[in-house]
Amino acid sequence: MSGIPVKSYDVVVIGAGHAGCEAALAAARLGCETALVTLDAGAVARMSCNPAIGGLAKGHLVREIDALGGEMGRAIDATGIQFRLLNRSPGPAVQAPRAQADKEAYSRRMRDAVESTRRLTLIEGETSDLIVDGGVLRGVEFAGGGALATRCAVVTTGTFLRGQLHVGLENRPGGRFEEKTSVGLSRALARLGLPMGRLKTGTPPRVLKSSVDFDAMDRQAGDRDPVPFSFETGAIDTPQIDCHITFTNPQTHAIIRGNLDRSPLYAGRITSTGPRYCPSIEDKVVRFADRDRHQIFVEPEGRDHPWIYLNGVSTSLPAEVQIEMVRSIRGLEKAEVARAGYAVEYDFVQPTACRHTLETRAVRGLFLAGQINGTTGYEEAAALGLVAGMNAALVAQDRETFVPSRGEAYIGVLVDDLVLKGTAEPYRMFTSRAEYRLLLDIDSADLRLTEHGRRVGLIGDERYGRFLARRDGVRAFTRFLETQTLRPSSGAARRAERTLGVRIGNPTTPALLLRRNDVALEALLDFLGDQAARGLGARDRRYVANRLRYGGYIDRQERDLERLQREEGRRIPPEFDYEGLPGLSKEIVEKLGRARPATLAQAARISGVTPAALSLINVYLEKARRQRAGRTSTARGTAPARPRRRIDTRCSAESSGCPIPRLPEDRA
């Protein structure tokens, strides 16, 4: 950096999207002097695609971000225009909040949070290079000259790394509509040896609200009792705005099929992989040729915004074809297209290049978060940004890093999946990805994670006090329901038969009554009286009831989680020599060497690693542990304990004279 004007920061965050904002806010709130560098200071937390937050599994992520001290939940509570709790009928594990956002208000709200946070500076400029010396990050350089010295940088570039926009057979550089791309930084990452790939995403056309016939569509109202995202939001009292639903039809599909030769997807102009679970309308029509219609969610982009977002018709067809296609749809016959949909291809880094802290293995102090990790969605990006920003700050302060496990958070599942398995397509979170999802419901996020946020330093005294009061209230209510005994001969039992319609033949408790399908929580609380849930809100009462109602299933998952935690305790040294371990196939050696799992449980989650391979590694780890224990006992003047049986470390390769390798400390 000689000769270049330099200012020093503890943490530099590159990119001010949803990942970048969470990363920068976390680092600054943890006491680090932080710079947030963006190409356009007016585009902070811009909603470039669907103006909504949450949904199935994504809503879980937002609750967890909030529980740890992040910003997204409070921002959407303040700027949402329609709130809905999805999956109300199924069990609580898969219920999740979703909110339609006023996209411009959301961006302003997040920028206000950035600009009002101490130790956080917003800088407009293009980062073109990373300064690395001996595998250690030293700073970042700008395209127009100048540099920032830093110990840690978090790269959150979204779709801007060598971004290429496609509309029909025309394409041009860009990270978003009318926004430039970033080329120098992509080259810098590749030069550092990080494994680069290419992905694709897309967006639908926007139409003028004034040109839409909403009466011809199905109305979709918000909830009467909106469920907030943040544990700090008491209630949502802003007026709700309706969304609407319509459908494509055979005429729409005929227009699309007749123009596939002009689609960059089918003309070979786009070669990268797009999101499997959010395909373009062209893909839907081709892949599901037997269907004569596809659902479209007609969603406002803001309370007073003139545009409507057509959720479900993402496309990169030529603009004139998009107009014809849109006007073939019921309610959109006279629609005026304000902006055509487009596809964007962009570079990403295969996330197996990162540790669970999201620090790259190749460069100390360099963290990656968001779509650069191969994800799709605002919520996944924000969750990764929070993890990366927290850990960048902790590294800069020489403190112990933090990553939630997959047994205690969807954020842990997200990070673990990406780092151990990588991705060949944009990764999206689903509840089905979590083995312990019964333990990860939205109402328990603070009970699972707020202690971590407090310990790290993101949860202040006032909020922590409110959390403790809630936690203690939940525990007291649970204890009350589990310990109040109702006996068959008691007056309470006779009253239960009259008020609940339940005949008590054996001693029982209110907790056991809740496991019955014919006993509702509200009726049980009326029966028990006001003292049972004194001071607890409806959400907390519902949480306790659900935990007790599904207690048997939850207990089973908790036992499974305990087993995982024991396996997580079997550590694998960072320098473990997989190549020197006889019996492992070349494929498994390559996968383990690339992912470098920290524990045996992490190794088990890598695709293609067989139980036989895990058993072999476990035998070697146990042998090494016993050797270390023996040396320790000898050093203390006592003979090592003789094992009850000999551990057989033989394998198929031993017949050729291949020895069992030793740990690095054994070789010394």
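Our structure is the block above this text.
Computed from a predicted structure; not experimentally measured.

A.B. asks: Got a minute to help me understand unusual backbone geometry in this structure?
C.D. replies: For residues besides glycine, phi is generally negative; the peptide bonds are generally trans as well. With a phi angle near 60 degrees, asparagine 87 is a residue other than glycine that sits in the positive phi range. Turning to its location among the elements, asparagine 87 is positioned in the loop between β4 (80-86) and β5 (96-101). Of the residues examined, asparagine 87 reaches a relative accessible area of 30% and is grouped as partly exposed. Positive phi outside glycine occurs at leucine 358, with the angle close to 75 degrees. Mapped onto the elements of the fold, leucine 358 is located in the loop between β19 (342-349) and β20 (366-368).

A.B. asks: So what exactly am I meant to see when it comes to the sheet that holds β19 here?
C.D. replies: In any sheet, the strands associate via hydrogen bonds between backbone groups, in a parallel or an antiparallel arrangement. Spatially, β11-β10-β19-β12 is the arrangement adopted by the four strands of the open sheet, whose pairing is antiparallel. Strands at the two margins of the open sheet, each flanked by one partner only, are β11 (170-173) and β12 (196-203). The average angle at which neighbouring strand axes cross in this sheet is 25 degrees, direction not considered. Where β12 lies against β19, eight bridges are found, and the strand directions are antiparallel. Each residue of the ladder has a partner; that of glycine 197, found in β19, is phenylalanine 348.

A.B. asks: Looking at this structure, I do not really get empty space enclosed by the protein. What am I missing?
C.D. replies: Rolled over the atoms, a probe with the dimensions of a water molecule shows which regions are left empty. Tallying each qualifying case throughout the model produces two cavities of 30 Å³ or more. Within this model, the largest cavity holds a volume of roughly 50 Å³. In terms of lining residues, the largest cavity is bounded by Leu85, Pro92, Gln95, Asp441, Ile442, Asp443, Arg542 and Asn546. Looking at the lining of the largest cavity residue by residue, the classes come out as three nonpolar, two polar and three charged.

A.B. asks: I'm lost on the sheet that holds strand β14 (residues 218-220) in this one. Help?
C.D. replies: What the six strands build is an open sheet, ordered β14-β15-β16-β17-β13-β18; its pairing is antiparallel. Strands at the two margins of the open sheet, each flanked by one partner only, are β14 and β18 (337-339). Adjacent strand axes in the sheet meet at a mean angle of 35 degrees, parallel and antiparallel pairs treated alike. Pairing of strand β13 (residues 206-208) with β18 involves two bridges; the strand directions are antiparallel. Bridge pairing in β18 links arginine 206 to arginine 339.

A.B. asks: For this particular structure, what's the right way to read the packing of aromatic side chains?
C.D. replies: Summed over the entire model, instances satisfying the criterion amount to five aromatic pairs. An angle of 65 degrees between the planes, with centres 5.3 Å apart, marks the rings of phenylalanine 576 and tyrosine 620 as edge-to-face. Placement of phenylalanine 576 in the loop between α17 (551-568) and α18 (586-595) and of tyrosine 620 in helix α20 (residues 611-635) is noted, with a sequence separation of 44 residues between them. Just as phenylalanine 576 is buried, tyrosine 620 falls in that class too. Put simply, the rings of Phe576, Tyr578 and Tyr620 pair up and form one aromatic cluster. Arginine 433 extends its terminal NZ or CZ atom over the ring of tyrosine 427, reaching a point 4.2 Å from the ring centre. The ring of tyrosine 543 carries the charged tip of arginine 470 above its face, separated from the ring centre by 5.6 Å.

A.B. asks: I tried to follow helix α6 (residues 250-257) on my own but got confused; where do I start?
C.D. replies: One full turn of an α-helix is made of 3.6 residues, so residues set three or four places apart face in the same direction. Taken as a whole, α6 has its buried residues at Thr252, His253, Ile255 and Ile256. End-on, the buried residues of α6 take up no more than an arc of 155 degrees, which puts them together on one face. Opposite the buried face of α6, by more than 90 degrees, sit the exposed residues Pro250 and Gln251. On its buried side, α6 packs onto α7 (281-287) and α8 (319-327).

A.B. asks: I keep staring at the pattern of salt bridges and nothing clicks. Help me out?
C.D. replies: Scanning all chains against the criterion turns up 44 salt bridges. The partner of arginine 191 in a salt bridge is aspartate 129, and the shortest N-O contact between them spans 2.7 Å. Linking arginine 191 in helix α5 (residues 184-191) with aspartate 129 in strand β7 (residues 127-133), this pair joins segments that are 62 residues apart in sequence. The residue glutamate 587 makes a salt bridge to lysine 591 at a minimum N-O spacing of 3.1 Å. Taken together, the residues glutamate 587 and lysine 591, both in helix α18 and four residues apart, mark about one turn of the helix. In this structure lysine 591 comes out as buried when scored by relative accessible area, which is 19%. Sharing partners across several salt bridges, the network here consists of Arg406, Asp416, Asp417, Lys421, Glu435 and Arg605.

Analysis parameters
Residues numbered from 1 in each chain as written. Predicted model: local features only at pLDDT ≥ 70, side-chain atom pairs only at ≥ 80, totals over all residues. Heavy atoms only, no water. Helix = DSSP H or I, 4+ residues; strand = E, 2+ residues; numbered from the N terminus. Buried < 20%, exposed > 50% of the residue type's maximum accessible area, 1.4 Å probe, protein only. Pairing = 2+ DSSP bridges. Axes fitted to C-alpha atoms, helices over the stretch in contact; angles between N-to-C directions. 1 Å grid on protein atoms, 1.4 Å probe; cavity = no way out; pocket = protein on both sides within 12 Å on 5 of 7 lines; lining within 4 Å. Points joined across faces, edges and corners; volume = space filled by probe spheres on them. Nonpolar A, V, L, I, M, F, W, Y, C, P; charged D, E, K, R; others polar. Phe/Tyr/Trp six-rings, centres within 6.5 Å; stacked < 30°, edge-to-face > 60°. Lys NZ or Arg CZ within 6 Å of the ring centre and 35° of its normal. Arc of directions from axis to C-beta. Contact = heavy atoms within 4.5 Å. Salt bridge = Lys/Arg side-chain N within 4 Å of Asp/Glu carboxyl O.

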